[in-house]
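Spelled out, the chains give:
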Amino acid sequence: MLCACSGEQFKFEEPPQSPESLATRDFSASCLSSRTGDWDLKFEDSQVDEVESTLREALSLNYEEARALLGRLEYQRGNFDAALQVFQGIDIKSLTPRMVKAITEKTREEKPRPKGDSTALPSGVMSMHSVSLLLEAILLKAKSLEELGRYIESAKECRIILDTVESALPNGMPECIGEDCKLQEMFHRALELLPTLWIKGGYLDEAINAYRRVLVKPWNLDPNKLAAIQKELAGTLLYGGVEASLPLKFHVFGPRTPKNNVEEAILLLLILMRKVAMQEINWDPEIMNHLTYALSITRQFELLAEHVERILPGIYSRAERWYFLALCYNAAGQNEAALNLLTKVCGSSEVNHKPHFHSFLFLAKLCSEDTKYARDGIKFARIMMNMASEQSKHFNPEAHKFLGICYGNVARASVSDSERTLFQKESLNSLRVSSLSRRHDPEVMFNISLENAVQRNLDVAFYSAMAYSNMVADGSGRGWKLLTLILSAEKRLTDAETIVDFALDEVDRMDQLDFLRLKAVLKIAQEQPKQAIETYRILLALIQARDEHQLQTKNFDQSKDLELEAVAERNLERAAWQDLAAIYSKLASWADAEICLNKAKSLDFHCPRGWHTTGKYFEARSLHKEALVSFSVALSIDPDYIPSIISTAEVLMKCGNQSLPIARSLLMNAVRLDPTSHEAWFNLGMLSKMEGLFLQSADFFQAAHELQLSAPPQSFV
């Protein structure tokens, strides 16, 4: 049989049977081209009618087939207006039922015919070659409209092809359909073209549904083409800005059907990553880029790390893979895993490879965030600065910033006065060097303010904190908190409270709870216990309301961020009960203090501050033995918990002269751990006075007084 849309020449194998069929004459596009090559391409209506009449008489083509062939000729020669004029003469609407019937008859399973039975199709059924030619005409009409910028009309024409074929093949394309005609090829081209047309026309929701239509049924697409469509749909879902919910007919996964665009995109990308892992399709970096974005905005960093680990060797170098994984684990809150991976990148196994500069920088950053690794951070930051080339010297200010933060952390953990002084000096020097090149970096300015505040350089700390707040456009909870603590350390408590009231209206919910507690602490510092208690009542009521809401809308698929927020909220609630217990103990409201202590212990029984507060409660009631037991429990949990060290020394000083040497040892240890503790210096002065060392006592009292003048109600760090 003749395939009129193939562009090749064929010979008759049997006499023509129907004057309505394209398979009745020896006809081809190439022959037609040779006969009509000299014709004028700008046909008038009369010329078109004349040519159609000639073709019908010479070749026995029907009206629609003749226009389909002429339209193809015009399209191939770039005359899109003329092609569109020709194609518009085809009445596709009336032909669609016959085309559907022809495709259905073609794909219907027939019984084996007796030998010699030459009946190909039932009488009156259009041949598949005619169907293919007409589908091609519709497709070329759509492409002509596209070339003319009429994208919506083009999409509607293209959709006719899909509707026609899908009506005849509701279960998808059988594998044998493309053996002797171009039906499948035309259909596949329409499948790929339709979403593009809707996107060009600005109808993203229609484009998304067109992509879904491709994927919901088996259409015999090439695996790479199918993967390309899946990737394009995922990209449109992620970046299109249109929330297109899945229609019911696409709910093929039951209760696990994606609930929104992002979930659907992730599902598609995970399918693509599996195909890559199984080597069914080639590696495409865009798939990984899309997946990274999708899992990042949904905070599923552990899942992202799993798929990074599954990527076949050779795509990423070892350093790049470890760096990528470190980013994932850090974002997931697993800093230990991230540090281990980065240490491998910067370790001896990679010494013969080109240094991965970003890994050194990231490693220094992580070390700056954890006091335990501060000394390692100093080492890696210095290595990074030493190996910086001309192309990477712009990273040096960043390295100096992390170096300064690490020096500050090491200084706070140092027990030697000389070492502490040296590291504090180095910290400020490194931060200043960083600020010379990064004047508008808010992180540098914040850390300069923090380090000066810790060293009690409050004037410099205040101006740096103000500069930081001006750099951060929408404000910053931590910046306002630092500014509040600096003002309170300067005994400007009213100004500090004003900052807190302003921050309460600007920060998010979790920071609001933190600022409420800070406001209560300021009330205590102003000796307003009733107002402080009322503020704590509001704080605890907000926390309780949040807990009840979570119980009513319990979701077992909570994100990692929500879990971390719940932990922070629980710690804040525990601290509030402990603060209330301390207030009630000072007011000698023993029953209320005991209730608050029990509440705090129910939240965390092994908290050193909880046992310390219990000890202060017993001390206020002159129950010194019970107080010593509670302080001892606190120190057994954290041997360096300074408030319990000082309180233990205070109780021992009340127990008689025999305990004074132990008390002095404890207080000296407290001063060694925190030289800015005015309470430790004051108790050392009291102890020296008890021992008759009046000159020494005067020096200790002087130190305590000066430190108290610059002491914040809460620690700066």
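Within an unreviewed UniProt entry, the label attached to the protein chain reads Protein NPGR1 isoform X1, and the organism entered is Cucumis melo.

**Q** Break down the environment of Phe682 for me, with residues and values.
**A** Here Phe682 is to be found in helix α32 (residues 678-690). For the pair formed by Phe682 and Ala703, sequence separation is 21 residues and the distance between their alpha carbons is 7.9 Å. With near-sequence residues (within four places) excluded, Phe682 lies in contact with Phe701 and Ala704.

**Q** Tell me about the packing of helix α20 (residues 442-454) against helix α21 (residues 458-471), residues and numbers included.
**A** Packed helices, taken two at a time, are described by the angle their axes make and the gap between the axes. Packing of α20 against α21 brings their axes to within 8 Å, and their N-to-C directions diverge by 155°. Classed by the angle they form, the pair α20 and α21 counts as roughly antiparallel. Read as a crossing pair, α20 and α21 show a hand that is left-handed. Contacts between α20 and α21 pair Pro442, Met445, Phe446, Ile448, Ser449, Asn452 and Ala453 from the former with Leu458, Val460, Ala461, Ser464, Ala465, Ala467, Tyr468 and Met471 from the latter.

**Q** Which residues make up helix α27 (residues 590-603), and what values do they have?
**A** Under the 1.5 Å per step criterion, the end-to-end length of α27 is 20 Å for 14 residues, consistent within 8% with the ideal 20 Å. Within α27, burial applies to Ala593, Cys596, Leu597, Ala600 and Lys601. For α27, the angular spread of buried residues about the axis comes to 135°, placing them on one side. Structural note: α27 exposes Ala591 and Ser602 on the side pointing more than 90 degrees away from its buried face.

**Q** Break down the UniProt feature "repeat: TPR" (unreviewed entry) in the protein chain for me, with residues and values.
**A** In the numbering used here, UniProt assigns the "repeat: TPR" (unreviewed entry) feature to residues 608-641. Secondary structure content for residues 608-641 is 79% helix and 0% strand, while the C-alpha to C-alpha distance between its ends is 7 Å.

**Q** Please set out unusual backbone geometry residue by residue, giving values where relevant.
**A** In this model, Arg456 sits at a positive phi of 65°, which is unusual for a non-glycine residue. Here Arg456 lies in the loop between α20 and α21. Positive phi, close to 65°, is recorded for Lys491, a residue that is not glycine. Looking at where Lys491 falls in the secondary structure, it is placed in the loop between α22 (477-489) and α23 (493-504). In this structure Lys491 comes out as partly exposed when scored by relative accessible area, which is 43%.

The rules behind these values
Residues numbered from 1 in each chain as written. Predicted model: local features only at pLDDT ≥ 70, side-chain atom pairs only at ≥ 80, totals over all residues. Heavy atoms only, no water. Helix = DSSP H or I, 4+ residues; strand = E, 2+ residues; numbered from the N terminus. Contact = heavy atoms within 4.5 Å. Axes fitted to C-alpha atoms, helices over the stretch in contact; angles between N-to-C directions. Parallel < 35°, antiparallel > 145°, perpendicular 65-115°, else oblique. Left-handed = near helix turned anticlockwise from the far one by under 90°. Expected span 1.5 Å × (residues − 1). Buried < 20%, exposed > 50% of the residue type's maximum accessible area, 1.4 Å probe, protein only. Arc of directions from axis to C-beta. UniProt positions renumbered as here; feature names shortened; annotations may be inferred.

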